[in-house]
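Structural features, examined
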Amino acid sequence: MTVSSTAASGSAPLTDAGPLSLCAREPHVPADRLVAEMVPPPRFDSVRFATYIPDPNQPSQTDAVAVLEGFAAGLGGARPGEGKRGLFGFGRAKAKAPAGPRGVYLDGGYGVGKTHLLASLWHATPAEPSRKAFGTFVELTNLVGALGFQQTVRTLSGHALLCIDEFELDDPGDTVLVSSLLGKLVEAGVALAATSNTLPGKLGEGRFAAADFLREIQGLSAHFRALRIDGEDYRHRGLPEAPAPYTDEQVTKAAYRAEGASLDAFPRLLEHLAKVHPSRYGALTDEVRAVCLTGVRPVPDQSTALRLVVLADRLYDREVPVLASGLPFDRLFSEEMLNGGYRKKYFRAISRLTALARDAKPLVTE
């Protein structure tokens with residue numbers, strides 16, 4: 001998102017209606033919207049392999065681009081599920097999955113550009129958008145919940161490619177559910193691509209290891225080729241420190257001046273997130289062009305923290321700047337949280353919120 005010049009300069013008058021409020025929204029998302037929105041989010045609309053800038057000190061990044069370009073080029077064959085079929089498709093011959101790996105798993109830490117590469121793969125695959133699906137693990141499980149397992153299989157079986165960002169392996173039930181779904185899709189000839197997060201108790205590099213991912217998806221491991229992507233968080237490579245939090249007055253003034261801005265007290269927003277299913281957090285931010293928060297403070301518990309992580313992901317996907325007062329974002333989560341099993345999620349949220357705080361700087365006038 002680009003902040004308008006009038007809002008950034010402070011020359012725009014105060015809006016009559018005042019800012020929006022996320023806490024006043026209770027979105028409802030129909031199942032057909034869940035399917036239609038399985039495309040790369042706005043932040044990744046224009047990314048391509050050519051726009052991925054590999055770190056010259058990390059040859060694995062250059063290698064990953066080459067492998068993924070070849071993988072995409074190989075997906076231009078026959079439509080999955082095609083074969084002899086009767087009227088309305090009944091009685092069609094079962095498609096035979098191509099031999100060899102039909103999936104890739106991008107293995108690397110947060111901020112090395114895995115989502116950029118995953119979205120680039122989606123864009124590069126020679127198939128119409130309606131035959132490619134892109135979503136987070138949470139969005140995929142929400143789709144199964146909305147459509148039912150069998151209908152989800154039927155809906156996605158005609159696709160050339162399914163991309164799953166941040167495959168969540170900290171919920172055994174959901175992992176088994178999605179593994180079963182992917183098994184059906186592989187049988188139908190659908191190609192797969194995934195990134196994943198950290199299992200509880202997996203510390204070390206703060207990332208999820210390929211061997212663990214392949215073990216958790218059980219019988220599907222033979223269908224995946226793991227690509228290791230080394231590197232540091234690109235969001236902070238050579239960039240200045242995140243701006244310090246502003247005062248309540250500065251944040252409130254900016255919210256009234258910026259068109260499409262929301263204004264909420266941070267503690268109240270955390271309470272509201274508990275009343276909205278995380279699958280609706282994207283809809284919660286519809287038409288919001290900037291999020292202004294007052295009184296940022298440490299999150300009180302892990303359930304609240306994980307909900308905030310999902311909101312941070314949706315804001316980052318949509319390039320919505322975040323202007324805040326209170327504590328800086330790197331103090332949102334306790335040391336216990338940052339050393340626990342969900343540490344990768346929390347560091348990702350800090351990284352993304354910090355980037356969005358930089359984007360919000362033009363909203364503030366001196």
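Please read all numbers here as calculations on a predicted model, not as lab measurements. Throughout this description, residue numbers start from 1 for each chain and increase along the sequence as written. Two thresholds apply to this predicted model, a pLDDT of at least 70 for residue-level local features and 80 or more for giving and counting side-chain atom pairs, whereas whole-chain, interface and lining totals are computed over all residues. Each side-chain value is worked out from all heavy atoms of the structure, with water and hydrogens disregarded.

1. What about the nonpolar core?
A general feature of soluble globular proteins is that nonpolar side chains tend to end up buried together. As a reminder of what qualifies: In these notes, a set of buried Ala, Val, Leu, Ile, Met, Phe, Trp, Tyr and Cys residues joined through side-chain atoms within 4.5 Å is what counts as a nonpolar core. For every residue, the accessible area (1.4 Å probe, protein chains only) is compared with the maximum for its type, and the residue is labelled buried under 20%, exposed over 50%, or partly exposed between those bounds. A run of H or I in DSSP becomes a helix once it reaches four residues, and a run of E becomes a strand once it reaches two; helices and strands are each numbered from the N terminus. The contact criterion used is simple: two residues touch if any of their non-hydrogen atoms lie within 4.5 Å.
Formed by 63 residues in total, the largest nonpolar core has its most connected members in Leu117, Leu121 and Phe333. Among the elements that make up this core, the one with the highest residue count is helix α12 (residues 302–317) (eight residues). The contact partners of Leu117, leaving out residues within four places of it in the chain, are Phe49, Tyr52, Ala64, Val65, Leu68, Leu106 and Ile229. Among the nonpolar cores identified, the runner-up in size contains 25 residues, and Val29, Ala133, Leu181 and Leu182 belong to it.

2. So, the packing of α12 against helix α14 (residues 343–360)
Heads up, the rule is: Only the stretch in contact is used when a helix axis is fitted, and all axes are lines through C-alpha atoms; the angle between N-to-C directions ranges over 0 to 180 degrees. Roughly parallel covers angles under 35 degrees, roughly antiparallel covers those over 145, roughly perpendicular covers 65 to 115, and oblique covers all other angles. For a crossing to be left-handed, the near helix must be turned anticlockwise from the far one by less than a right angle; the clockwise case is right-handed.
Put simply, α12 and α14 touch, their axes get as near as 9 Å, and they point 45 degrees apart. It follows that α12 is oblique to α14 by the angle criterion. Between α12 and α14 the crossing geometry is left-handed. Contacts from Gln302, Ala305, Leu306, Val309, Ala312, Asp313, Leu315, Tyr316 and Asp317 of α12 reach α14 at Lys345, Tyr346, Arg348, Ala349, Arg352, Leu353, Ala355 and Leu356.

3. Let's talk about the pairing of strand β2 (residues 132–136)
Threshold: For two strands to be treated as a pair, DSSP must find at least two bridges joining them.
For β2, the tally of buried residues reaches five of five residues, placing the bulk of the element in the interior. Because side chains alternate across β2, one face comprises the buried residues Lys132, Phe134 and Thr136, and the other comprises Ala133 and Gly135, equally buried. Both β2 and strand β3 (residues 161–167) contribute to a ladder of five bridges, which runs parallel. Each bridged residue has a counterpart across the sheet, and for Lys132 the counterpart in β3 is Leu161.

4. Topic: the confidence of the model for the protein chain
Inclusion rule: Confidence scores per residue from the predictor, reported as pLDDT, run from 0 to 100.
The share of residues in the protein chain with pLDDT of 70 or more is 78%, and the mean pLDDT across the chain is 81. In this model, residues 1–15 is a region of pLDDT below 50 whose contacts with residues beyond four sequence positions or in other chains number 27 contacts. The model gives residues 198–208 a pLDDT under 50, and that stretch makes 36 contacts with residues more than four places away or in other chains.

5. What to know about the pattern of salt bridges
Counted only if it meets this: Here a salt bridge means any side-chain nitrogen of Lys or Arg lying within 4 Å of a carboxyl oxygen belonging to Asp or Glu.
For the structure shown, the criterion picks out nine salt bridges. Between Arg348 and Glu166 there is a salt bridge, with its nearest N and O atoms 3.2 Å apart. Remark: Glu166 occurs in strand β3 and Arg348 occurs in helix α14; sequence separation between them is 182 residues. The same class applies to Arg348 and to Glu166, which are both buried. Asp230 serves as the salt-bridge partner of Arg228, at 2.7 Å between the closest nitrogen and oxygen. With a relative accessible area of 26%, Asp230 lands in the partly exposed category. Through salt bridges with shared partners, a single ionic network connects Glu166, Asp313, Arg348 and Arg352.

6. Quick look at helix α10 (residues 266–273)
Condition: By arc we mean the arc of the directions from the helix axis to the C-beta atoms, nothing more.
Turning to α10, its buried residues number three or more, namely Phe266, Leu269, Leu270, His272 and Leu273. Buried positions in α10, seen along its axis, are confined to an arc of 160 degrees and lie on one side of it. For α10, the elements touching its buried residues are β6 (261–265), α11 (281–284), β7 (290–296) and α12.

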